[in-house]
Amino acid sequence: MGIVVVEVCDGNLINELDIESIIESEYPEVAVLMNECLSFCGMCAVRPYAIVNGHRVFAKTPEAALEKIRAKIEEELAIYAE
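Quick caveat, the model's predicted, so the values are computed rather than measured.

Rules used throughout
Residues numbered from 1 in each chain as written. Predicted model: local features only at pLDDT ≥ 70, side-chain atom pairs only at ≥ 80, totals over all residues. Heavy atoms only, no water. Helix = DSSP H or I, 4+ residues; strand = E, 2+ residues; numbered from the N terminus. Buried < 20%, exposed > 50% of the residue type's maximum accessible area, 1.4 Å probe, protein only. Contact = heavy atoms within 4.5 Å. Pairing = 2+ DSSP bridges. Right-handed = clockwise from strand over helix to strand, strands pointing away. Axes fitted to C-alpha atoms, helices over the stretch in contact; angles between N-to-C directions. Left-handed = near helix turned anticlockwise from the far one by under 90°. Nonpolar A, V, L, I, M, F, W, Y, C, P; charged D, E, K, R; others polar.

What follows is about the side chain of Arg-70. Structurally, the position occupied by Arg-70 is in helix H3 (residues 62–81). By relative accessible area, which is 18% here, Arg-70 ends up buried. In contact with Arg-70, other than residues within four places in its own chain, are Ile-22, Ile-23, Glu-26 and Tyr-27.

What follows is the structure, given as C-alpha cells:
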C-alpha cells in the first residue's frame, strides 16, 4: 500500500483514461483504489474526479483532472519527503 491513496469511483468520467495504470506506473508509492461508489452522488456523471488522501480533486476533462491529481500527489509526497 502506498503512502498516498487515490480513490476513484467506477462510474466516474475519469475512467475514460486508464487512471489506475497511469498513476501507479508514474508513482510506485501511490495506491489507486477503484471503488463502486465514493458517495458523492451525481458528481461522477458531471465531472471527472478522484480523492487524493481525503481531498477531492476535479476538473472539466479527464486529462485536466489527471494533471490536478498529479499535482496533488506531488504535494502529498513532499510532506513525506521532509
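Counted residue by residue, strand E1 (residues 4–9) has 5 buried out of 6 residues, so it is predominantly covered. Where E1 lies against strand E2 (residues 30–35), 6 bridges are found, and the strand directions are parallel. Across the sheet, the residue bridging to Val-6 is Val-32, located in E2. Of the crossover connections in this fold, the one passing from E1 over helix H1 (residues 19–26) to the parallel E2 is right-handed. Pairing of E1 with strand E3 (residues 49–52), which is carried by 2 bridges, proceeds in the antiparallel orientation. Each residue of the ladder has a partner; that of Val-6, found in E3, is Val-52.

Between H1 and H3, the shortest axis-to-axis distance is 12 Å and the interhelical angle comes to 35°. The two elements H1 and H3 cross, and the hand of that crossing is right-handed. Side by side, H1 and H3 meet where Ile-19, Ile-22, Ile-23 and Glu-26 of the first sit next to Leu-66, Ile-69, Arg-70 and Ile-73 of the second. A per-class count over the contact of H1 with H3 returns 6 nonpolar, no polar and 2 charged.

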